[in-house]
Amino acid sequence: ASWYRDLLDRTATVQSWLMEGEPVSFWMSGFFFPQGFLTGTLQAFARTSLISIDKLGFDFRVLDFEEDKITKRPKEGVYIHGLYMEGARWDRKSRVLQDSYPAETYCYMPIINFRPVEKKDPSSEDYQCPVYKTSTRAGVLSTTGQSTNFIIAVELASKESPEYWTLKGAALICQLND
């Protein structure tokens, strides 16, 4: 079952982190509370740049390769891997969201650089793609007023309007149900 495979992968990831040091790319699905990891990334940047964490957000850059091709950490932020796109796919040539291929439910997303920057208004042309822990997309409302299943919205380039992808239900998923 996939839960057992995930458990083995999580323990191997934590063991590798402890024995070999901080990884070059982080497997978001391996975190129990990925929001805490992302907050820690912003805090580390806030300390080094002397900018209040309240003024920070993320800029997102989708890379052209998978985690096994990365040899060093980004200059700023973190590399994230292990996400799956549902309801769309990432076109590596045109570097935008595209419709899924026929009969394709999920596709593996390339690495994304989550780079801390001073907050800015999101682009009205890009899609604010929600990232969920599971494909269920439902969760309990936490004290922050957000679902416990929702992690963050990742801004992705698109030739279509954001409404197009919202109606298609496009989202990034950490764990697949199988």
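Rules used in this analysis
Residues numbered from 1 in each chain as written. Predicted model: local features only at pLDDT ≥ 70, side-chain atom pairs only at ≥ 80, totals over all residues. Heavy atoms only, no water. Helix = DSSP H or I, 4+ residues; strand = E, 2+ residues; numbered from the N terminus. Buried < 20%, exposed > 50% of the residue type's maximum accessible area, 1.4 Å probe, protein only. Contact = heavy atoms within 4.5 Å. Phe/Tyr/Trp six-rings, centres within 6.5 Å; stacked < 30°, edge-to-face > 60°. Lys NZ or Arg CZ within 6 Å of the ring centre and 35° of its normal. Pairing = 2+ DSSP bridges. Axes fitted to C-alpha atoms, helices over the stretch in contact; angles between N-to-C directions. Salt bridge = Lys/Arg side-chain N within 4 Å of Asp/Glu carboxyl O. Disulfide = S-S within 2.5 Å.

On to the side chain of Ser135. Structurally, the position occupied by Ser135 is in the loop between β9 (127–134) and β10 (150–156). Given a relative accessible area of 14%, Ser135 falls into the buried group. Sequence-distant contacts of Ser135, defined by excluding residues within four places in its chain, comprise Glu86, Tyr106, Ile173, Gln175 and Asn177.

Further remarks concern the packing of aromatic side chains. A complete count under the given rule lists eleven aromatic pairs for this structure. Each ring, one from Phe26 and one from Phe37, has its centre 4.7 Å from the other, and the planes form 50°; the classification is tilted. With Phe26 in strand β1 (residues 25–27) and Phe37 in helix α2 (residues 34–49), this residue pair connects regions lying eleven residues apart in the sequence. Summarising the burial analysis for this pair, Phe26 and Phe37 share the class buried. Taken together through their ring pairs, the aromatic side chains of Trp17, Phe26, Phe31 and Phe37 make up a single cluster. If you follow Arg89 out to its NZ or CZ, it ends over the ring of Tyr101, 4.0 Å from the centre.

Pairing within the open sheet is mixed, and its four strands lie in the order β1-β3-β8-β2. Pairing within the sheet leaves two strands with one partner each, and these edge strands are β1 and β2 (56–62). Looking at each pair of strands side by side, their axes are set apart by 35° on average, direction ignored. By the bridge criterion, three bridges tie strand β3 (residues 78–81) to strand β8 (residues 112–118) in an arrangement that is antiparallel. Within the sheet, the bridge partner assigned to Ile80 lies in β8 and is Ile112.

Attention now moves to the pattern of salt bridges. In total, this model carries seven salt bridges according to the counting rule given. Between Asp91 and Arg89 there is a salt bridge, with its nearest N and O atoms 3.7 Å apart. Since its relative accessible area comes to 16%, Asp91 is described here as buried. On the basis of relative accessibility, which here comes to 13%, the residue Arg89 falls in the buried class.

What follows deals with the state of the cysteines. One way to say it: the disulfide is the covalent bond shared by the sulfur atoms of two cysteines. Following the criterion strictly, the structure yields zero disulfides and no others. Cys129 carries a free sulfur, and the closest cysteine sulfur to it, the one in Cys107, is 10 Å from it. Of all cysteine sulfurs in the structure, the one in Cys129 sits closest to Cys174, which takes part in no disulfide; the separation is 11 Å.

Take unusual backbone geometry next. Positive phi is not limited to glycine here, since Leu50 has a value of about 60°. Here the phi dihedral of Ala103 falls at roughly 65°; this positive angle occurs in a residue that is not glycine. Along the chain, Ala103 turns up in the loop between β6 (96–98) and β7 (106–108).

Interpretation note: all reported values are geometric properties and have no functional meaning in isolation.
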